[in-house]
Amino acid sequence: MNTFSTLTKSFAKGALDLTASLLGPHQFSPSKQQLWVLMYHRILPKHDPRYAKEEPGMIVEPETFKQQLQIIKRHFTPIHLSEWVTRQQQGLPLPAKACAITFDDGWADNAEYAYPIIQEQQVPITLFAVSDMIGTDRQFWPNQIIQLLDSPTDLLETITWLAPHLSSLTAPREAASYTINRLKKFSDEQIYSWLADLPTTPENNNKIVNTGLMSWEQLKTMSQNNLVEVGSHTRNHFRLNGQLDEQILNKEIISSKQHLQEELGQAINLFCYPNGDICPKTIELVQQHYQAAVTTQRGINKADTNQLHTLTRIGIHQDRSHSETLFKARLANWF
């Protein structure tokens, strides 16, 4: 692509973002009440070594996050997801434009970097925790893959299940994201099994130096603050896409709720589908045991929705929301 074409595309994209930020539904009073649910994962500054070991679409920097909370307070009524759902179910008044902020997984950096900003800005959040990984040094397989990709190329090409899915992209984080997405066609159990069978050598050490998720003490501290409510994100973050047998499905959906309630001493009524994967049996089980649930499907929820167990969200990450204009364009949900 020549320089002129690149500049033209960049200008057009900038114009679209500006238009969406100025004319999106977040700017006006809707005829029917609406709920924006924002999806965050990690809050990390660039200088933190964990920043370079994560996919680009997973991170928002602390300064950006603070700015976003301030924008949310100007344009929306921030609300706990559970409060909005309860009000909707009981036919109680709802804000014209409500915004529920959610965090997936329970990363330690949520406690380190996000929580102080949440307290400062006094904005409620819902944190979806993976119960069997809180307080452990276990790592999600995508993070193990990122660590593995630091190995020499000639070594990676000898790993038969990985080699066909390696990327030719030169940017390490984008290359890792490509490979991870390619591997998602396999089950979580299969990928974890492959990783466990890898020999540990100086060139190939699939252990990540930095512990990923928060401790139970951190989660308990946050959950005792009225600004923070906790929901279930399964026990092991297995994708609930129909590949799991009924026993494992029950454990991931039902036992995760019980585990969190025992540890935190409070009711767990909200659920989050790992990777957004669902199937009819999954939704049926979640409906039986939770008040509501969120997906990764992008959208803005209407107050008259009857889909409380498949609520849509808007994913927020640094690359596409690092300025006020870009963040508001994201909130517009136009593209």
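Quick summary incoming for the structure in this document. (Residues numbered from 1 in each chain as written. Predicted model: local features only at pLDDT ≥ 70, side-chain atom pairs only at ≥ 80, totals over all residues. Heavy atoms only, no water.)

1. Description of the packing of aromatic side chains
Two aromatic rings, taken as a pair, are described by how far apart their centres are and by the angle between their planes. Scanning all chains against the criterion turns up nine aromatic pairs. Plain terms: the ring middles of F65 and F103 are 5.7 Å apart, the flat faces sit at 80° to each other, and that makes the pair edge-to-face. Taken together, the positions of F65 in helix α2 (residues 62-75) and F103 in strand β5 (residues 97-105) put the pair 38 residues apart, joining distant regions of the chain. Pair check on accessibility: F65 and F103 agree, each one buried. Taking the centre distance of 5.0 Å and the plane angle of 10° together, the rings of W161 and W194 count as stacked. (Phe/Tyr/Trp six-rings, centres within 6.5 Å; stacked < 30°, edge-to-face > 60°. Helix = DSSP H or I, 4+ residues; strand = E, 2+ residues; numbered from the N terminus. Buried < 20%, exposed > 50% of the residue type's maximum accessible area, 1.4 Å probe, protein only.)

2. A word on the packing of helix α4 (residues 108-121) against helix α9 (residues 216-223)
For the pair α4 and α9, the least separation of the axes is 9 Å and the interaxial angle reads 45°. Classed by the angle they form, the pair α4 and α9 counts as oblique. Seen along the crossing, α4 lies across α9 with a hand that is left-handed. Listed contacts from α9 to A108, N110, A111, E112 and Y115 of α4 are Q218, T221 and M222. Across the contact of α4 with α9, the residue classes tally to four nonpolar, three polar and one charged. (Axes fitted to C-alpha atoms, helices over the stretch in contact; angles between N-to-C directions. Parallel < 35°, antiparallel > 145°, perpendicular 65-115°, else oblique. Left-handed = near helix turned anticlockwise from the far one by under 90°. Contact = heavy atoms within 4.5 Å. Nonpolar A, V, L, I, M, F, W, Y, C, P; charged D, E, K, R; others polar.)

3. Some thoughts on the packing of α9 against helix α10 (residues 246-264)
Close contact between α9 and α10 brings their axes to 10 Å; oriented N to C, the two are set at 80°. When the axis of α9 is compared with that of α10, the two are roughly perpendicular. Residues W216, L219, K220 and S223 of α9 touch α10, and the partners they reach there are H259, L260, E263 and L264. Split into classes, the residues belonging to the contact of α9 with α10 amount to four nonpolar, two polar and two charged.

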